[in-house]
Amino acid sequence: MTETSPSQQMFEIWKRQLEEGAKSWAQRMTKGATPAPPDPAGFWWKPMFEQGLAQWARIFAQTPVTPELTSQWKQFLDQWIAAWSKVLEQAMGTENFAQAMGKQLEGFLSVAAPVKKAAEQQVEAGLATLGLPSRSQVLGLAKQIAGLEEKIEGVEDRIDAVLARLDAAAAASQKKGRK
């Protein structure tokens, strides 16, 4: 039996944790909705990082940092990213994930709408206190100005039409007067 280095042992522990965590998440996402949503920090992240960091601290305390150790760390990170990508891709492709995201979005929107309305009311009250117009007042004024501009253009068009008729009538009367 060959003896493995502490860094290799650590790598194997993390690899096993990663595989077990990935399997567990995949199972939870395909089984259906659970009564309480899983807590990623308590379920997977926190234990994995605490154990992993403790192991790496022991390894670094026992052995100097070598290219082999950093190479194994990079190898671990590459595998970790690949495993999480696979698990998340599978989980996000399920109907349960879509439903959970829909519920999350509904919850967010139900909280955000009243908060936005309250914030807008506070801003308007603050602007009124300062004697400044609110956004809605400025928009109302802009609509009125646009309406006035349209009416002025209509009046200008009518005046131009009347002037054109007067010019035509004057030209016709001058023509009659010359004959």
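This text goes with the structure placed above it.
Reading the values: the criteria
Residues numbered from 1 in each chain as written. Predicted model: local features only at pLDDT ≥ 70, side-chain atom pairs only at ≥ 80, totals over all residues. Heavy atoms only, no water. Helix = DSSP H or I, 4+ residues; strand = E, 2+ residues; numbered from the N terminus. Buried < 20%, exposed > 50% of the residue type's maximum accessible area, 1.4 Å probe, protein only. Contact = heavy atoms within 4.5 Å. Areas by Shrake-Rupley, 256 points an atom, 1.4 Å probe, with all protein chains shown as cover. Salt bridge = Lys/Arg side-chain N within 4 Å of Asp/Glu carboxyl O. Patch = residues over 30% accessible without salt bridge, like charges linked within 9 Å, V, L, I, M, F, W, Y side chains within 5 Å. Polar contact = N/O pair within 3.5 Å; in protein donor to acceptor, adjacent residues only side chain to side chain.

**Things to note about the overall build of the protein**
- The number of helices and strands found in the protein is five helices and zero strands.
- For the protein, the residues scored as buried account for 15% of the 179 residues in total.
- Sequence-distant contacts in the protein: of pairs separated by 6 or more residues, those separated by 24 or more amount to 74%.
- Accessible area of the protein: about 14,000 Å², with a carbon and sulfur share of 61%.

**Digging into the pattern of salt bridges**
- Enumeration over the complete set of coordinates arrives at two salt bridges.
- Linking K74 and D78 is a salt bridge whose minimum nitrogen-to-oxygen distance equals 2.7 Å. Taken together, the residues K74 and D78, both in helix 3 (residues 67-92) and four residues apart, mark about one turn of the helix.
- Judged by relative accessible area, which is 40%, D78 ranks as partly exposed.
- Two residues, E120 and K116, come together in a salt bridge whose shortest N-O distance is 3.7 Å. In this pair, E120 and K116 are both assigned in helix 4 (residues 95-130), four residues apart and thus about one turn of the helix distant.
- Residue classification places E120 among the partly exposed positions, given a relative accessible area of 41%.

**Considerations on a nonpolar patch on the surface**
- A contiguous nonpolar surface patch, about 430 Å² in accessible area, is contributed by V155, I159, V162, L163 and L166.
- As for its position among the elements, I159 is in helix 5 (residues 135-178).
- For I159, a relative accessible area of 45% gives the class partly exposed.

**Brief notes about the side chain of S134**
- Counting through the fold element by element, S134 comes out in the loop between helix 4 and helix 5.
- According to the relative accessible area criterion, S134 is buried, its value standing at 4%.
- Among the polar contacts made by the side chain of S134, one reaches the side chain of S136 at a distance of 3.1 Å.
- Leaving out residues up to four positions away in the same chain, S134 has contacts with E124 and L127.

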